[in-house]
Amino acid sequence: MCSLRRQWRGNTGQGKEMRGKQCFILVASLAVVLLASSVGVTHSSFVDPESSTGNDFQAWTSNQWVQTTKAEFEAGVLNQVDTSSSPGDVKLAISSNWYNSSWAYRKKITINYTKVGANLTDFPVLVSLASEADLASDAQDDGDDILFTSSNGTNKLSHEIEKFNGGTGELVAWVKVPTLSSSTDTDIYMYYGNSQASNQQNAAGVWDSNYKGVWHLHSNFLDSTSNSNTGTNSGSTNTTGKIANARSFDGVDDYIQVSPSTSINNPFSAGGTISAWIYPTGWGENNFGRIACKSTTTGSGNGWAFHLANGAPATAALGFARGFSTTYGYWYTPANSLSLNTWWHVVVVYNDSLTTNDPLLYINGVSQTLAEYSTPAGTAQTDELNNMRIGNVAFDTIRTFAGKIDEIHISKVVRSSGWIATCYNNQNSPSTFYSVGAEQGSSSLGTIASQVLNTGVTGARWDALFWDETLESGTNITFEVRASDTSFDKSDSTPDWTDLGAANSPLTSGLPSGRYKQWRATLTTSDVSKTPTLHEVRVYYY
């Protein structure tokens, strides 16, 4: 008869001493040790249930698997958690970059850099979602709680909602993005899900100070900039547009009139840009239907005219005229550069300070080769007393546009080719300009599943699961485990997980047996300013 003394130091660090009765106990214990896999496993001493009291395991325990380092945790499967804030600790990934805990949900919007024509600042990005089930389910019916932030998730961006349907989640919004890169993707976030939020829009803030008039023509004639250049309708009707709704012009006598104001007078005097979406169903009255005009004669007089041109000398073209004191200037695009019954993005860029300057006319983001019918001479004539009209000449109804006009934008700055190309790419095909990520919740749930441990022993018993954690108020960590004698990958859907419920460390019951073992921790918080922290996980088995 020989005796054996053994000691185990567990989670509390207190030693437990016991004496064995039989020498064969040592032999049996050593055999178990030799069967266990050595990879990632440390060996502890033994517990004899027959000769100990207060034994947590109620079984032989010979092996311990510890995960506590950044590398060990990251070898598993991480979802909405990270170890970057404190290497070796697992925390919720989104807890430090959530706009406000009153907002329950958000989605990441990633802008495709290949659709951005140049590095741009303060660019008004169109976010157009034909339907959005999560917005329909979780946002306010009027969209008041919808807001946008920069890539850090916290800096609020100015936005304007042109259209929102709470039943379908359809959204048409404009967001001022501080910087757009043409070499790397740009991320922004869309937040929603706050039933108590007031209207979060800042429409005027979307449009930089160079914008002097922005008319979406969505069921109204309001100017979205701070300049309040509201239009007055005469005959045009509401219709489906390129972007949300637009206005339809009858080709006879319709127009929208905007009174003269300092902000929109003489837009080209130091360089300016006018853009629009048009859907011509005909070439307009006398084949020169006006898109926008601020002149006193059909030849531009003491103002300017942006129009269709399908009469001598132009054919199915885009034209622009500017009045000068001696001879007006008139330019137009190549024959058949436009056609009927399709949407076109048209832009004129011009600086009328010198007669030697020529305008640039863009169609669908591409600068066109221009013909000059009339060379300007003298000085540019002021238009400060003239009304501006959308869809007709400024002084009469003899050049009515036939078809639809949408999104008239006037800027007193020369917009770059990169800016114009990006406008076209964004507004023509929003779904390819950006991608929308999965819904993230501010209740903040994240998981980490360990790598799979191969114990090397068929039917290996799982004796205990220990973990070290720090829980702030409103946070929690729960565990699931699974085991099988058949190998499986860390990301496999089988075998099924066993939910251990809300429990404190250690757990010694309900743990499955099997050669291959894996644990999964779920981290939650009800306040996104706080996060639970998982420091270490220890598995005991034999």
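Residues numbered from 1 in each chain as written. Predicted model: local features only at pLDDT ≥ 70, side-chain atom pairs only at ≥ 80, totals over all residues. Heavy atoms only, no water.

A short note on the pattern of salt bridges
Item 1. Applying the stated rule across the entire model yields 12 salt bridges.
Item 2. With a closest N to O distance of 2.8 Å, Asp-134 and Lys-107 form a salt bridge. Pair noted here: Asp-134 is in helix H3 (residues 133–138) and Lys-107 is in strand E8 (residues 105–111), with a separation of 27 residues, a long-range link.
Item 3. Lys-107 sits in the buried class, given a relative accessible area of 5%.
Item 4. The salt bridge involving Arg-538 is made with Asp-468; its shortest N-O contact spans 3.1 Å. Residue Arg-538 is located in strand E39 (residues 533–541), and its partner Asp-468 is located in strand E35 (residues 462–470); the two are separated by 70 residues in the primary sequence.
Item 5. Here Asp-468 falls in the partly exposed class, since its relative accessible area comes to 27%.
Item 6. Here the salt bridges do not stand alone but share partners, grouping Lys-107, Glu-132 and Asp-134 into one network. (Salt bridge = Lys/Arg side-chain N within 4 Å of Asp/Glu carboxyl O. Helix = DSSP H or I, 4+ residues; strand = E, 2+ residues; numbered from the N terminus. Buried < 20%, exposed > 50% of the residue type's maximum accessible area, 1.4 Å probe, protein only.)

Topic: the environment of Lys-490
Item 1. Residue position: Lys-490 is located in the loop between strand E36 (475–484) and strand E37 (498–499).
Item 2. Under the relative-accessibility criterion, Lys-490 is labelled partly exposed at 30%.
Item 3. Put simply, Lys-490 and Gln-518 are 28 residues apart on the chain and 7.6 Å apart in space, counted from C-alpha to C-alpha.
Item 4. Setting aside its immediate chain neighbours within four residues, Lys-490 contacts Ala-75, Gly-76, Val-77, Ser-450, Gln-451, Val-452, Arg-482 and Gln-518. (Contact = heavy atoms within 4.5 Å.)

So, the sheet that holds strand E9 (residues 120–129)
Within a sheet, each strand pairs with its neighbour through backbone hydrogen bonds, oriented either parallel or antiparallel.
Item 1. A sheet is described by the order of its strands in space; here 3 strands give the open sequence E9-E13-E12, paired in antiparallel fashion. Because the sheet does not close on itself, it has two edges, and the strands there are E9 and strand E12 (159–165). Across the sheet, the mean angle separating the axes of adjacent strands is 20 degrees when strand polarity is ignored.
Item 2. Examined bridge by bridge, E9 and strand E13 (residues 170–180) share 9 bridges and lie antiparallel to one another. Across the sheet, the residue bridging to Val-127 is Ala-173, located in E13.
Item 3. The strands that helix H5 (residues 417–428) touches are E9 and E13; relative to E9, the one it contacts most, it runs at about 15 degrees. (Pairing = 2+ DSSP bridges. Axes fitted to C-alpha atoms, helices over the stretch in contact; angles between N-to-C directions.)

Describing the sheet that holds strand E29 (residues 388–390)
Item 1. With antiparallel pairing, the 8 strands of this open sheet are ordered in space as E16-E19-E29-E21-E22-E23-E24-E28. Taken across any chain shown, the strands that pair with only one partner, and hence form the sheet edges, are strand E16 (232–234) and strand E28 (371–374). Looking at each pair of strands side by side, their axes are set apart by 20 degrees on average, direction ignored.
Item 2. Here E16 runs beside strand E19 (residues 255–258); their pairing, made up of 3 bridges, is antiparallel. Among the inter-strand pairings, Asn-233 is bridged to a residue of E19, identified as Ile-256.

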